[in-house]
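What follows is the residue order along each chain.
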Amino acid sequence: INIVKSSCEHPLLKEPPADVARKYDWALSLDGMHHKLSEKQRIRTAFIVCQMFPRLNAAATYFKDQHCQPGEGNYSKVFVFETHPVKKERLARERAARAQLAKK
C-alpha cells in the first residue's frame with residue numbers, strides 16, 4: 001500500500017459539535033460497546049475530543065499540503081470512527097474471537 005496515496009485520499013475527521021457534552025451521554029469504547037457517562041465524564045470526554053480532533057486534522061492537513069499532489073488531497077471533514085466499515089469488520093471479528101474463548 002502506498003501510504004502517502006492512501007493518506008491523501010482519506011478524509012479528515014468529522015469534528016464534534018460545540019455542544020457535544022450536552023448532546024451525548026454515552027461513549028463508544030474500543031470493543032464497540034456504548035457506555036453511559038456521568039456528567040463529569042461527559043465534560044472531560046467532550047473537552048478532549050473537542051481539543052484533539054481539530055489538532056489531528058491540522059496535522060493531517062499539513063501532511064496533505066506537503067505530500068499530496070495538487071487536487072489529490074481529501075480535506076473533507078467526514079470521517080467518523082463508529083461507522084467506518086473496516087472498524088466494524090474488525091470489531092465483529094474481535095467479538096467473535098472473544099465469544100469463542102469464553103466458550104472454552
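Note on numbering: residues in each chain are counted from 1, in written sequence order. Predicted model: local features are reported for residues with pLDDT of at least 70 only, side-chain atom pairs are reported and counted for 80 or more only, and whole-chain, interface and lining totals are derived from all residues. With hydrogens and water stripped out, all remaining heavy atoms of the structure feed into the side-chain values.

**Concerning the confidence of the model for the chain**
In step 1: Scored from 0 to 100, pLDDT reflects the predictor's confidence in each residue. Scored by pLDDT, the chain has a mean of 85; 88% of the residues are at 70 or more.
In step 2: Comment: elements are numbered from the N terminus, with helices defined as DSSP H or I runs of at least four residues and strands as E runs of at least two. Mean pLDDT in the chain bottoms out at helix α4 (residues 85-103), which sits at 76, and peaks at helix α3 (residues 39-67), which reaches 95.

**Details of the side chain of lysine 64**
In step 1: Of note, lysine 64 is situated in helix α3.
In step 2: One buried charged residue, lysine 64, remains without a salt bridge, the closest side chain of opposite sign being aspartate 65 at 8.9 Å.
In step 3: The definition of a polar contact used here is a pair of N or O atoms within 3.5 Å, where within protein one atom must be able to donate a hydrogen and the other to accept one, and adjacent residues in sequence count solely through side-chain atom pairs. Among the polar contacts listed, one links the side chain of lysine 64 to the backbone oxygen of cysteine 8, at a separation of 3.4 Å.
In step 4: Here a residue-residue contact requires only that any non-hydrogen atoms of the pair lie within 4.5 Å. With near-sequence residues (within four places) excluded, lysine 64 lies in contact with Ser7, Cys8, His10, Leu12, Asn74 and Tyr75. Relative accessibility under 20% of the residue-type maximum defines a buried residue, over 50% an exposed one, and the middle range a partly exposed one, all with a 1.4 Å probe and only protein chains included. Counting rule applied: Lys, Arg positive; Asp, Glu negative; His and chain ends not counted. We define a salt bridge as a side-chain nitrogen of Lys or Arg found within 4 Å of a carboxyl oxygen belonging to Asp or Glu.

**Some words on the environment of arginine 44**
In step 1: Tracing the backbone shows arginine 44 in helix α3.
In step 2: Exposure remark for arginine 44: the relative accessible area of 54% places this residue in the exposed category.
In step 3: A sequence separation of 23 residues divides arginine 44 from alanine 21, and the C-alpha atoms of the two residues are 8.6 Å apart.

**Notes on the packing of aromatic side chains**
In step 1: The aromatic pairing rule takes the rings of Phe, Tyr and Trp, using the six-membered ring of Trp, and pairs them if the centres are within 6.5 Å, calling planes under 30 degrees apart stacked, those over 60 edge-to-face and the rest tilted. Across all of its chains, the model carries 1 aromatic pair by this definition.
In step 2: Relative to tryptophan 26, the ring of tyrosine 24 has its centre 5.7 Å away and its plane inclined at 90 degrees; by these criteria the two rings are edge-to-face.
In step 3: Using a relative accessible area of 36% as the deciding quantity, one classes tyrosine 24 as partly exposed.

**Let's talk about a nonpolar patch on the surface**
In step 1: A cluster of nonpolar side chains, namely Phe47, Ile48, Met52 and Leu56, defines an oily patch on the protein surface of about 380 Å² accessible area.
In step 2: With respect to the element layout, methionine 52 can be found in helix α3.
In step 3: With a relative accessible area of 37%, methionine 52 lands in the partly exposed category. The patches reported here contain residues having more than 30% relative accessible area and no salt bridge. Joining distances are 9 Å for like charges and 5 Å for nonpolar side chains (Val, Leu, Ile, Met, Phe, Trp, Tyr). With residues, only the protein chains shown are counted as cover, and all accessible areas are computed by Shrake-Rupley using a 1.4 Å probe.

**Some remarks on the pattern of salt bridges**
In step 1: Considering all chains together, one arrives at 3 salt bridges under this definition.
In step 2: Here lysine 77 ties to glutamate 15 by a salt bridge, and the two come within 3.2 Å at their closest N and O atoms. Taken as a pair, lysine 77 in strand β4 (residues 77-79) and glutamate 15 in the loop between β1 (12-13) and α2 (20-23) lie far apart in primary sequence, 62 residues in all.
In step 3: The salt bridge partner of lysine 36 is aspartate 25, with a shortest N-O separation of 2.4 Å. Of this pair, lysine 36 sits in strand β3 (residues 34-36) while aspartate 25 is found in the loop between α2 and β2 (26-28), placing the two residues 11 residues apart along the sequence.

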